[in-house]
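# Working through the structure, step by step
What follows is each chain in one-letter form.
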Amino acid sequence: MTLIIDTQDLATEAAVATPEGTLFRFATAGSVDDGKSTLVGRLLHDSKAILADQLEAVTRTSTERGFGGESGGIDFALLTDGLRAEREQGITIDVAYRYFATPARSFILADCPGHVQYTRNMVTGATTADAVIMLIDARKGVLEQTRRHLSVVALLRVPHVIIAVNKIDLLDYNEAAYREVEASVRLVTAELGIADVLVIPVSALVGDNVVDRSERTPWYAGPSLLELLETLTVIDDRGAASQAAEAFRLPVQLVLRPQGAVVVAPELADSYRDYRSYAGQVASGSIKVGDTVSVEPGGGTSTVTGIDFAGVQLAEAFAPQSIALRLADDLDIARGAVIAARGTLPPVTRTLTADLFWLDPRPLAPGARVLVKFGTTVLQALVSEVTGRLDLTTLGVEPATSLTVNDIGQASIRLSRDLPVEPYTQNRRSGAFLVIHPQDGATLAAGIVTAPGEPTRAGDGSGAGSEVSP
Amino acid sequence: MRAPPMNFATHRLSELDVLESEAIHIIREVVAEFERPVLLFSGGKDSVVVLHLAAKAFWPGKIPIELLHVDTGHNFPEVLEFRDKTVAAHGVRLVVAQVQDYIDDGRLAERADGTRNPLQTLPLLDAIAAGRHDAVFGGARRDEDKARAKERILSLRDEFGQWDPRNQRPELWNLYNGRHTVGQHVRAFPISNWTELNVWRYIERENIELPPLYYAHEREVYRRDNMWRAISPVSPARADETVELRTVRYRTVGDMSCTGAVDSNAASVADVVREVGVSTITERGATRADDRISEAAMEDRKKEGYF
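Please read these numbers as outputs of a predicted model, since none were measured by experiment.

### What to know about the pairing of strand β14 (residues 301–309) of chain A
Residues and elements named next belong to chain A.
- Pairing analysis gives three bridges linking strand β13 (residues 292–296) to β14, with the strands arranged antiparallel. From the neighbouring strand, Thr-292 faces β14, where its bridge partner is Thr-303.
- In the sheet, β14 pairs with strand β17 (residues 322–327) via four bridges, with the strands oriented antiparallel. By the bridge assignment for β17, Asp-308 is matched with Ala-324.

Structure follows, in C-alpha cells:
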C-alpha cells in the first residue's frame, strides 16, 4: 500500500511527552491487505515519530522498487517489516514494536502480522496490549481472519477494542456503506462478548480520522483514532478506586537474603545481617505496611513490616511495581509462592478448565503431559480432556478431541499439586498461564482459566487454616 | 538512590516508573530461573542503565552475577577507565574477552575496512561457553534498529548463538519462558521497551554517572561518511581529510573505528535530554558506520550470534 506524503511536511521537531506522562500499549491486527502498515505509517508520520534518516532509507528503498511511480510514494510497510524475509516477501512475519509520543502520552505500538500462519505472533502482541486496533477493509467487510483476531482479542479480554473501518475513501465516504460494515462487525463482537468496542471510519492512506477528525465524514461525530488512544485508560492504571477493589497479589520471584554481602553503608551492615525479603512485581491490587497477608503454598499468615524499593522504604505499593516485602513472621516462602491480601485467596485445587490458544505446530492430544507456568511457579500438569474448539465461521463451540496450531479450544487440566486458581475474568495476571513442552521447553499454548475445579482445601477467605499462626 | 516520584493518591506510575519495574521484573526472573546468567557491560549508557537496574533488583544484596565485556581493542580509553571504576564500585566480577588475543593467534583476521565490531561475535560465544552461561543480559533496545524491533525480551539462541527471527518463541503477558535445551542459551533484554529519550531521562532522574564523552567536549575530528570521527591510533585521518577541533559529543559509544560523534553543545544531562527530544535522526543512523552497510546489517549480525 502506498502512502503519499509530502516530505516537506516532516517536522523538524519530534513530539515529546512529558516525563510524568503515562505509557499506553496497543496492537494493530486484522487481515492481510486491510492496511495495517499504512495505518502505522500514517500514525508515526503524522505524530512526527519518523526520523529523517529512517524516512530517507524507506524512501530510497521504495524508489528502488518503483513504489508509487512518478509521485514518489513511500511503502510504509518497510518501516515496520524489519526482517529480510519480510521485505523480500512483502509480508509481516513477526510483531514489530514501535515507539512514539504525543504531548499527551507515550505509546508502544505492536504491529502484528495478518497472515493466518503467524497468528501466534499476533497473540504475543495482544497479551500486553491496553488496546487493539482491528483493521477492516471497508470494501471487504468482516473476513475469517478478522473473526480469528477478534476471537483472540475476546479470549485475552483486551481492555479496549477499536475497529478501524479502513479505505473509507474508496467508498466515497458513503455513510450507508460504512454503517453496513459497522453493523456486521458489531454482530461479531456481540457474539464474542466483547463489551468495549469503538468503531471509526478511517482512511489510513489519506489520513481521515487518524490524527485529525475528517470533514469528509460529517456523519461520524466521534473522536479520531489518535484522540482515542490518548484518552483510553491503561490496564495497570485504573486509578486507586478500582485497584482497591482488586485483591493484592505478589508472585514471589526470589527471596532476598544477602547474608552480609550487602551494598549498604558499613555502619549499617550489621542491621542487614538477618535481612530477608520477598521480591516480586505486584500483579494486582495494593499493599500497605501493617496489612496482614496470606501465603500459598502453606496457608500461613503474617503482617507486612516493610516494603523496600531499592533502598527506599515505601509505606504503600501497587501494581505493577517491582518491590520487596518484609514480613513479621519467618514463614517458609520460596520462589513460586503467592503473597496475597488476607482473606482474598481462592481455595486451592488440582483441576481447572481453561481456554487454550494453541501455538505449536505439533497438535494437542488428550492425555498430554505438559508444564504450566502460573505467575512465578512452574508445575507438571496433564491435559485430561479437550472439550471443544471455536468454529470461526459460526463463532460457536464445536466438539473436538484435539487442537492444532492457531485453534482456540477448551480443555480440562489436572495439576500435580495444589494451586490457588482464579478465573482470568477475575484476575488477568493470576488467571493466565503458559503451557510448556516438558522436554524441549517450547511454549505450546496461551492458557486462560475459565473455572477452577473442586477445592482440595478451603481458601483463606472461608475459614479453615486461616487462623493458624506459624 | 532516589525515591521514584510516584503518585500514591491516584496509584499512577509514570512512564519511567512502569519501564523501571518491568526491567527489574525481567532481571529478577532471569536470575531466578537460570543457573549462570551473565551481564554484558561495556560502560556504554545502555549497559550502565541495566547495571543500575540490576543493583536495584537485588538491593540490599550485591548484584549476584558476573559481568562480561568483549574488548575489541578499539574502545575509547576513557570508557574502559569508567568501566573498571563502575565495576569496582558495585563490587562485582568482570570478565574481559579480548578480540586482540584472537587476532594475535590467528583465530580472527583483521578486516580490510579496519572495523572490529563484527569480530566480537566469536570471542563473545567463546566467553559464554567458557563461563557456561545459560543467560546473557544485554542493553539492546527495540527502538535502535528495525531488526531489534522484532526481537523478544527473552531471545532463544542455539549453540552457535544464532537468532532465528522466523521462528521466535511466543512471549505472552509478562510470563517469560526461560526453558532451553543443553547448548542453547537465552539473551535477555530488560530495557527492550525503552527509547533513547527514556534512557536519558532515567539517567537524569537517577543521577547515574556516564563516561564523559557522552557530553559536549572538544575533540580533534575529521569528516568521514557524514560523521565526525575521532583521531586515534586506530582511526587516523587520511591525507585528504581535514582534521579540526570541534565541540562534539557521542550518542552511542562503540569502537573508535566505527563510531561517530555529533556536533553538540549539550554539556549536562538536562542539555542532552533536550537535544535527544528534538533530534531528527536516530542514534544509530547518526553515529554507526557498521549499520550503514545494508538495510539488514543488524539482522545479519544477529543471525550470526551478535547482540
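Once the structure has been displayed, the description carries forward.
### Some thoughts on helix α5 (residues 119–127) of chain A
Residue and element names in this part refer to chain A.
- Of all the nine residues making up α5, nine are buried; the element is thus mostly covered by neighbouring parts of the structure.
- For α5, the set of buried residues is Thr-119, Arg-120, Asn-121, Met-122, Val-123, Thr-124, Gly-125, Ala-126 and Thr-127.
- Looking at the packing, one finds that the buried side of α5 touches β2 (23–30), β5 (106–111), β6 (131–137), α6 (144–156), β19 (348–358) and β25 (443–452).

### Considering the interface of chain A and chain B
- If you look at the interface, chain A gives 68 residues, while chain B gives 56 residues.
- Per-element tally for the side of chain A that touches chain B: the top contributor is helix α2 (residues 52–64) of chain A, with five residues.
- Across the side of chain A that touches chain B, the residue classes break down as 36 nonpolar, 20 polar and 12 charged.

### Quick look at the sheet that holds strand β1 (residues 37–40) of chain B
Residue and element names in this part refer to chain B.
- One open sheet holds the six strands; their spatial order is β3-β2-β1-β4-β6-β5, and the pairing between them is mixed. Of all strands in the sheet, those with a lone pairing partner are β3 (94–98) and β5 (154–157), marking the two edges. Across this sheet, the average inter-strand angle for adjacent strands is 30°, counted without regard to direction.
- With three bridges connecting them, strand β4 (residues 135–137) and strand β6 (residues 185–188) associate as parallel partners. Residue pairing in the sheet places Val-136 in a bridge with Arg-187 of β6.
- This element, helix α5 (residues 121–130), spans β2 (66–71), β3, β4 and β6 of the sheet and lies at about 140° to β3.

### Side note on the pairing of β5(A)
Residue and element names in this part refer to chain A.
- For β5, the buried fraction is high: six of the six residues fall into the buried class.
- Across the two faces of β5 the burial is the same, with Ser-106, Ile-108 and Ala-110 and Phe-107, Leu-109 and Asp-111 all buried.
- By the bridge criterion, six bridges tie strand β4 (residues 96–101) to β5 in an arrangement that is antiparallel. Counted as the bridge partner of Tyr-97 is Ala-110 from β5.

### Considering the domain arrangement of chain B
Residue and element names in this part refer to chain B.
- Domain parsing of chain B yields domain 1 (15–198 + 296–303) and domain 2 (208–292).
- Distance from the C-alpha centre of domain 1 to the C-alpha centre of domain 2: 23 Å.
- The partner domain 2 presents 21 residues to the 23 residues of domain 1 that form the contact.
- For the side of domain 1 that touches domain 2, the secondary-structure elements that each account for two or more residues are α2 (45–58), α3 (77–90), α6 (196–206) and α9 (297–303).
- Looking at the side of domain 1 that touches domain 2 element by element, the count peaks at four residues for α2.

### Quick notes on the packing of α5(A) against α6(A)
Residues and elements named next belong to chain A.
- At a closest axis distance of 10 Å, the pairing of α5 and α6 adopts a crossing angle of 35°. With respect to the hand of their crossing, α5 and α6 are arranged in right-handed fashion. Facing α5, whose interface residues are Thr-119, Met-122, Val-123, Ala-126 and Thr-127, α6 presents Arg-148, His-149, Val-152, Val-153 and Leu-156.
- The residue inventory of the contact of α5 with α6, partitioned by class, reads six nonpolar, three polar and one charged.

### A look at the domain arrangement of chain A
Residue and element names in this part refer to chain A.
- Here chain A is described as being made up of domain 1 (2–231), domain 2 (239–341) and domain 3 (348–457).
- A separation of 30 Å is found between the C-alpha centroids of domain 2 and domain 3.
- The interface of domain 2 with domain 3 comprises 12 residues on the first partner and nine residues on the second.
- Residues belonging to the side of domain 2 that touches domain 3 are distributed by class as follows: five nonpolar, four polar and three charged.

### Re the nonpolar core
- Ranked by size, the top nonpolar core spans 207 residues in total, and within it A:Ala126, A:Val132, A:Met134, A:Ala164 and A:Val165 carry the most contacts.
- In this view, A:Met134 contacts A:Ala29, A:Gly30, A:Thr146, A:His149, A:Leu150, A:Val161, A:Ile162, A:Ile163 and A:Ala164; residues no more than four positions away in its chain are not counted.

Scoring rules and cut-offs
Residues numbered from 1 in each chain as written. Chains lettered and ligands numbered in written order. Predicted model: local features only at pLDDT ≥ 70, side-chain atom pairs only at ≥ 80, totals over all residues. Pairing = 2+ DSSP bridges. Helix = DSSP H or I, 4+ residues; strand = E, 2+ residues; numbered from the N terminus. Buried ≥ 20, exposed ≤ 12 C-beta atoms within 10 Å, placed from the backbone. Contact = placed C-beta atoms within 7 Å. Nonpolar A, V, L, I, M, F, W, Y, C, P; charged D, E, K, R; others polar. Axes fitted to C-alpha atoms, helices over the stretch in contact; angles between N-to-C directions. Domains from an automatic or database assignment. Left-handed = near helix turned anticlockwise from the far one by under 90°. Core = buried A, V, L, I, M, F, W, Y, C linked by C-beta atoms within 7 Å.

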